[in-house]
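What follows is the residue order along each chain.
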Amino acid sequence: MSEYTIIVPDNEILQRVCGTNDSNLKLIESALGVPVFAVGNQLSVECQDQDVQQQLKFVIDRFTDEINDSTDFTDTELIESILNTDGFLKKRNSAREHAFLSSLSITVPGGTRKVYPRTRGQAELVNNFRKFDLVIAEGPAGSGKTFLAVAEALRLVLSHQKSSIILTRPVVEAGESLGYLPGDLQEKINPYIRPLYDAMNYLLPRDMVKKMIENGVIEIAPLAYMRGRTLNDSVIILDEAQNTSREQMKMFLTRMGEGSKVFVTGDLSQIDLPRRTPSGLEQAMRILGDVPQISVTRLKADDVVRNPLVKLIIQAYDNSSEAEEY
């Protein structure tokens, strides 16, 4: 029987792949269905099945790329996350599936890490970001829609395919007017935009993000300030779009200028609008869903990649009649 071998030149990474008492290696063996042998700086399987060989390579490559980036995961959790990737679980045509997922990784020039879609749904979202000029992405918290939108926007701008990024969110006030909050406009809007800042600072050095904002390459503005503008040669991201009114959504979508791309992200299960105020995101998905030049992508609980409990929480709320009453 022929042997397939992968060389892992970094001994520390090899040790972390194997885990304490080979605990991670046993997880990989269970998923592959064949023994994996660690000798020196090599991992090998005695198997002629090319799908199994490609699956082993997929796991080691992904782990090596992400090991220093995944502050939210232990080594074992990262291994489990990779083994639960849709592309890994599909035994048939798995080599093609791995190639599909890998081809949709996002490399941000000057960035500190490479971004991989972790599920088939996330991969399809990245693919749609690249194919369509207007993408509406709806899905639960933790499904990666905002993070992937920011990563793709940074890639487009830093590879000089677009000239600027415009980030906006609706300001849904909770008991106090934006005008009475302390500070200038930027300081007032910062708390609402914080998740977008977090994504950018995760992907790029902080001083690089700061410089891009100072130079106007990245612009952050309240949704209300979009009225009357035409935004050319830009990537425009509207986050938390479930909290737009119908009028706001139509106004925003019609700001799109020549050579621009628009990414709209939101979660219809987290609408904070006053009662009897319909969501602009819900209407836009219904009206624009059949327009062939527009992508409406729906992510699911299976696409959630935060702490595993988040997925269980979302599923519990989805299945609860009490949540419906609320």
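What you see is a predicted model; the values in this text were computed from it and never measured.

Engineer: I'd like a description of the sheet that holds strand E7 (residues 164-169), backed by residues and values.
Structural biologist: The six strands lie next to each other as E8-E7-E9-E10-E6-E11, forming an open sheet whose pairing is parallel. Looking along the sheet, the strands with just one partner apiece sit at the ends: strand E8 (218-222) and strand E11 (294-298). Sheet twist, expressed as the mean angle between neighbouring strand axes with direction ignored, is 15°. Alignment of E7 against strand E9 (residues 234-238), held across five bridges, turns out to be parallel.

Engineer: Go over the sheet that holds strand E3 (residues 42-45), please, and point to the residues and values.
Structural biologist: Spatially, E1-E3-E2 is the arrangement adopted by the three strands of the open sheet, whose pairing is antiparallel. Single-partner strands in this sheet number two, and they are strand E1 (4-7) and strand E2 (37-39). Shown here is a sheet whose adjacent strand axes are inclined to one another by a mean of 25°, direction ignored. Taken together, the four bridges between E1 and E3 define a ladder with antiparallel strand orientation.

Engineer: Lay out the nonpolar core with the relevant residues and their values.
Structural biologist: Ranked by internal contacts, the top residues of the largest apolar core, which has 37 residues, are Val150, Leu154, Leu167, Met200, Ile218 and Ile237. Secondary-structure elements contributing two or more residues to this core are helix H7 (120-131), strand E6 (134-138), helix H8 (145-158), E7, helix H9 (185-203), helix H10 (206-214), E8 and E9. Ranked by the residues each element gives to this core, the list is headed by H8, at nine residues. In this structure isoleucine 237 touches Ala149, Val150, Ala153, Ile166, Leu167, Thr168 and Phe263, once residues within four positions along its chain are discounted. Grouped together as the second largest cluster of nonpolar side chains are 26 residues, Cys18, Leu25, Ile79 and Ile82 included.

Engineer: Lay out the side chain of serine 164 with the relevant residues and their values.
Structural biologist: Locating serine 164 in the fold gives a position in strand E7. The buried category is assigned to serine 164, whose relative accessible area is 14%. Within the local environment of serine 164, its side chain forms a polar contact with the side chain of serine 234, the two groups lying 2.8 Å apart. Beyond its immediate sequence surroundings of up to four residues, serine 164 is in contact with Val157, Gly216, Val217, Asp233, Ser234 and Val235.

Engineer: Now, about the pattern of salt bridges: what can you tell me, with residues and values included?
Structural biologist: Under the counting rule described, the total for this entry stands at 10 salt bridges. With a shortest N-O distance of 3.6 Å, lysine 261 and aspartate 133 are connected by a salt bridge. Of this pair, lysine 261 sits in strand E10 (residues 261-266) while aspartate 133 is found in the loop between H7 and E6, placing the two residues 128 residues apart along the sequence. Arginine 169 is the partner of glutamate 240 in a salt bridge, and the nearest nitrogen-oxygen pair spans 3.2 Å. In this pair, glutamate 240 sits in the loop between E9 and helix H11 (246-253) while arginine 169 sits in strand E7, placing the two residues 71 residues apart along the sequence. What makes arginine 169 buried here is its relative accessible area of 10%. What you see here is one network of salt bridges that share partners, running through Glu12, Arg16 and Asp75.

Engineer: Lay out the packing of H11 against helix H12 (residues 280-288) with the relevant residues and their values.
Structural biologist: Two elements in contact, H11 and H12, have axes separated by 7 Å at closest approach and are oriented at 60°. As far as their axial angle goes, H12 and H11 are oblique. Where H11 crosses over H12, the handedness of that crossing is right-handed. Packed against H11, whose contacting residues are Arg246, Met249 and Leu253, the element H12 presents Gly280, Leu281, Gln283, Ala284, Arg286 and Leu288 at the interface. The residue makeup of the contact of H11 with H12, split by class, is five nonpolar, two polar and two charged.

Engineer: A description of the environment of isoleucine 136 should follow, citing residues and the corresponding values.
Structural biologist: Looking at the element boundaries, isoleucine 136 is found in strand E6. Assessed through its relative accessible area of 0%, isoleucine 136 is described here as buried. Sequence separation between isoleucine 136 and phenylalanine 263 is 127 residues, and the spatial gap between their C-alpha atoms is 6.1 Å. Residues in contact with isoleucine 136, not counting those within four places in the same chain, are Val264, Leu281, Ala284, Met285, Leu288, Ser295, Val296 and Thr297.

Conventions we followed
- Residues numbered from 1 in each chain as written.
- Predicted model: local features only at pLDDT ≥ 70, side-chain atom pairs only at ≥ 80, totals over all residues.
- Heavy atoms only, no water.
- Pairing = 2+ DSSP bridges.
- Helix = DSSP H or I, 4+ residues; strand = E, 2+ residues; numbered from the N terminus.
- Axes fitted to C-alpha atoms, helices over the stretch in contact; angles between N-to-C directions.
- Core = buried A, V, L, I, M, F, W, Y, C linked by side-chain atoms within 4.5 Å.
- Buried < 20%, exposed > 50% of the residue type's maximum accessible area, 1.4 Å probe, protein only.
- Contact = heavy atoms within 4.5 Å.
- Polar contact = N/O pair within 3.5 Å; in protein donor to acceptor, adjacent residues only side chain to side chain.
- Salt bridge = Lys/Arg side-chain N within 4 Å of Asp/Glu carboxyl O.
- Parallel < 35°, antiparallel > 145°, perpendicular 65-115°, else oblique.
- Left-handed = near helix turned anticlockwise from the far one by under 90°.
- Nonpolar A, V, L, I, M, F, W, Y, C, P; charged D, E, K, R; others polar.

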